[in-house]
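Structural features, examined
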Amino acid sequence: MSYQALYRKYRPRDFSDVKGQEAIVTTLSNQLRADRVGHAYLFCGTRGTGKTTVAKIFAKAVNCENPTEYGPCGECAMCRAIENQTSMNVVEIDAASNNRVDDIRQVIDEVQYSPAEGNYKVYIIDEVHMLSTSAFNALLKTLEEPPSYLIFILATTEAHKIPLTILSRCQRYDFKRIGVETIAGRLRELLDTEGVKAEERALTYIAKQADGALRDGLSLLEQCISFYFGQTLTYENVLTVLGAVDQSVYGELMEALAQGSVEQVIGIIARVTGQGKDLTQFTNEFVWYLRNLLIVKTAEDADRLIDMSSENRQELNRYAGEIETEMIFRYIRILSELANEMKYGNNKRVLLEVALVKLCCPQMERDYESLLNRVHNLEAALEKLQEGFSSGTLAAAAPTPEQASAPAPKRELRPEAVPEDVRSLVANWQQVLRQLGPVSQGMLNDVVLSVSDDGKLILAFSQSTTAEYFKREENQRELIEAAGHLIGKEIQMDIRHVENRQEFNALPELRNIIKKVDIEIMD
């Protein structure tokens, strides 16, 4: 016999094999025992949760010659015929490819004839929401007053697209997502039958990746055991095959973001990309990691709400004490927006790196969460500085009392030496800022405006990130055009990164000079 995929080979044969849908199975079993079978059912739910499987079991059960408490016996002629898809009593229709009104009219013509054997004719219409409006209208009358031997089972992943006139004539059953423990337990049962060894941690991870769909879990499992055929399936093997990332990487990335270390963040992304990981999946999993961190920080009974190992939970507890709740909100907000952009973006790595740099540099934004992030970074820097002084490691670098008392020498700048264009621009700097976007405005918060010997406007920054931002042609052009719109001329600009704090403080600030000149004129 040819090879069968695991999800086909181990498809449930009766209600006892159906996992995670106990309420639905119990209801349908009771209807069978009480002989209270309805004429129209609507099975709703996400992919891989058992809608079509339960529909087929129910179709066998209503025609079974020797039904049991678990549904069909699986041994009688009718059960075998339906299982082998040779019975005329059960008809499956894919509405995605048979959605025209003519297809439904053909069904209506066929249902006029009673079954030659068995009790019921069962029509299973999968993805029923794909039917056209005219097809739904054609189905409506038969669905409202069907023959006594006819049962319709409609399955869909998007129940909101089905007309209310159809919904009101069906018994609706919502198939819920299957839990991680249930999926992992089912995977363990199948591996024991197949004779394959696997770590529990590996199966739990596959179950999480299935996202509530048992069929997806079986497909992922099959992919993993095929790659490592004949070997024990380990957690590291699963990460390699699925292109996933170990939990510790997310903690490392979160710590780098909290410290505002752009170099570490870019290094982590380079490492993840080099390992061939999917960046969209990486982003979604990192958002989920931050969600868990938020729960640890805010919920009293976090252990019950988070499904992870005790080691990872201890790591989350440690990180929770190092980061503010508002910072986590900011991270989740920006990364969630990024996840949507990455679905349609071509260069996902650039999008991810830009978003992470944005998280490292809260001065790029002006909202409340970003302000708290900046305060956090300042407090962390001060704490690190205090630790250095207390340990003596900064003693050599500490200035002498004479050096500390002596201010940094400032270069004198005579007001009349400032070109008229630069003077006019600096005097109206706030009007220039109003013409810029919010990101550019935020970047100019810590700028010092000065003038070079050749009359260029100097924009000096203490942070390399902000300097590099305005060295980019498109961002510098935006600023030049805003200035030109105000003074009617294109002004020359010199973008500088002044790393030394004393040198930065020693730069003459044109806004102060222009202000003094204006005051003297007014006097």
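Above this note sits the structure.
All values derive from a computational prediction rather than experimental measurement.

The rules behind each value
- Residues numbered from 1 in each chain as written.
- Predicted model: local features only at pLDDT ≥ 70, side-chain atom pairs only at ≥ 80, totals over all residues.
- Heavy atoms only, no water.
- Helix = DSSP H or I, 4+ residues; strand = E, 2+ residues; numbered from the N terminus.
- Buried < 20%, exposed > 50% of the residue type's maximum accessible area, 1.4 Å probe, protein only.
- Contact = heavy atoms within 4.5 Å.
- Areas by Shrake-Rupley, 256 points an atom, 1.4 Å probe, with all protein chains shown as cover.
- Pairing = 2+ DSSP bridges.
- Right-handed = clockwise from strand over helix to strand, strands pointing away.
- Axes fitted to C-alpha atoms, helices over the stretch in contact; angles between N-to-C directions.
- Disulfide = S-S within 2.5 Å.
- Phe/Tyr/Trp six-rings, centres within 6.5 Å; stacked < 30°, edge-to-face > 60°.
- Lys NZ or Arg CZ within 6 Å of the ring centre and 35° of its normal.
- Salt bridge = Lys/Arg side-chain N within 4 Å of Asp/Glu carboxyl O.
- Core = buried A, V, L, I, M, F, W, Y, C linked by side-chain atoms within 4.5 Å.

**Side note on the overall build of the protein**
When helices and strands are tallied, the protein shows 27 helices and eight strands. Of all 523 residues assigned to the protein, the portion counted as buried reaches 46%. Within the protein, residue pairs in contact and separated by at least 24 positions form 73% of the contacts whose partners lie at least 6 positions apart. Here the protein has roughly 28,000 Å² of accessible surface; of this, 49% comes from carbon and sulfur atoms.

**Examining the pairing of strand 4 (residues 150-156)**
Summarising burial for strand 4: seven of the seven residues are buried, a large majority. Covered by surrounding structure in strand 4 are Leu150, Phe152, Leu154 and Thr156 together with Ile151, Ile153 and Ala155, the residues of both alternating faces. Across five bridges, the pairing between strand 3 (residues 121-126) and strand 4 is parallel. In the sheet register, Ile125 faces strand 4, and the bridge partner there is Leu154. Assessed by its sense of winding, the connection that carries the chain from strand 3 through helix 6 (residues 133-144) to strand 4 is right-handed.

**Some words on the pairing of strand 6 (residues 448-451)**
The side-chain alternation of strand 6 yields two buried faces, one formed by Val448 and Ser450 and the other by Leu449 and Val451. Taken together, the four bridges between strand 6 and strand 7 (residues 457-461) define a ladder with antiparallel strand orientation. In the sheet register, Val448 faces strand 7, and the bridge partner there is Ala460. Linking strand 6 back to strand 7 in an antiparallel pair, the connection comprises five residues, with Gly455 at a positive phi of about 90 degrees.

**Observations regarding the sheet that holds strand 7**
Strand order across the open sheet formed by three strands is 6-7-8, with mixed pairing between neighbours. In this open sheet, the two edge strands, each paired with only one partner strand, are strand 6 and strand 8 (493-497). The average undirected angle you get between the axes of adjacent strands in this sheet is 25 degrees. Against the sheet, helix 24 (residues 464-471) contacts strand 7 and strand 8, and its axis sits at roughly 155 degrees relative to strand 8.

**Quick word on the sheet that holds strand 2 (residues 90-94)**
A sheet is described by the order of its strands in space; here five strands give the open sequence 2-3-4-1-5, paired in parallel fashion. Strands at the two margins of the open sheet, each flanked by one partner only, are strand 2 and strand 5 (171-175). The average undirected angle you get between the axes of adjacent strands in this sheet is 15 degrees. With respect to the sheet, helix 6 is in contact with strand 1 (40-45), strand 3 and strand 4, its orientation differing from that of strand 4 by roughly 135 degrees.

**Focus: the state of the cysteines**
Scanning the model with the defined rule gives zero disulfides in all. You can see Cys76 has no disulfide; the closest cysteine sulfur is in Cys79, sitting 3.4 Å from it. Looking at Cys360, it has no disulfide partner, and the nearest cysteine sulfur is the one in Cys361, 6.0 Å off.

**Quick word on the packing of aromatic side chains**
Applying the stated criterion across every chain, the model contains 14 aromatic pairs. In this structure an aromatic cluster arises from ring pairing among Tyr41, Phe43, Phe58, Tyr173 and Phe175. Against the face of Tyr235 rests Arg201, its NZ or CZ located 3.7 Å from the ring centre. The side chain of Arg291 reaches across the aromatic face of Trp288, ending 4.5 Å from its centre.

**Observations regarding the pattern of salt bridges**
Taken as a whole and judged by the stated rule, the model has 20 salt bridges. The shortest N-O distance in the salt bridge between Lys19 and Glu189 comes to 4.0 Å. In this pair, Lys19 sits in the loop between helix 1 (6-9) and helix 2 (22-34) while Glu189 sits in helix 8 (residues 180-194), placing the two residues 170 residues apart along the sequence. Where Arg47 meets Asp216, a salt bridge forms, and the shortest distance between an N and an O atom there is 2.7 Å. Here Asp216 lies in helix 10 (residues 214-227) and Arg47 lies in the loop between strand 1 and helix 3 (51-63), a separation of 169 residues in the sequence. Under the relative-accessibility criterion, Arg47 is labelled partly exposed at 41%. Accessibility expressed as a relative area gives 18% for Asp216, which makes it buried.

**Re the nonpolar core**
Across soluble globular proteins, nonpolar side chains show a tendency to be buried alongside one another. Counting 42 residues, the largest nonpolar core has Leu257, Phe286, Leu290, Leu293 and Leu356 as the members making the most contacts within it. Elements supplying a minimum of two residues to this core: helix 12 (247-259), helix 13 (262-274), helix 14 (279-298), helix 16 (310-320), helix 17 (325-342) and helix 18 (348-360). Looking at this core, the element that brings in the most residues is helix 14, giving ten residues. Those residues in contact with Leu293 that sit more than four places away from it in its chain are Met254, Leu316, Tyr319, Ala320, Ile323 and Ile328.

**Observations concerning unusual backbone geometry**
What you tend to see is this: most non-glycine residues have negative phi, and most peptide bonds are trans. Despite not being glycine, Asp35 has its phi angle at roughly 55 degrees, a positive value. Relative to the helices and strands, Asp35 resides in the loop between helix 2 and strand 1. In this structure Asp35 comes out as exposed when scored by relative accessible area, which is 60%. Its identity is not glycine, yet Gln85 carries a phi of approximately 60 degrees, on the positive side. Among the secondary structure elements, Gln85 is positioned in the loop between helix 4 (77-83) and strand 2. On the basis of relative accessible area, Gln85 is assigned to the exposed category, the value being 62%.

Geometric values such as these leave the question of function open.
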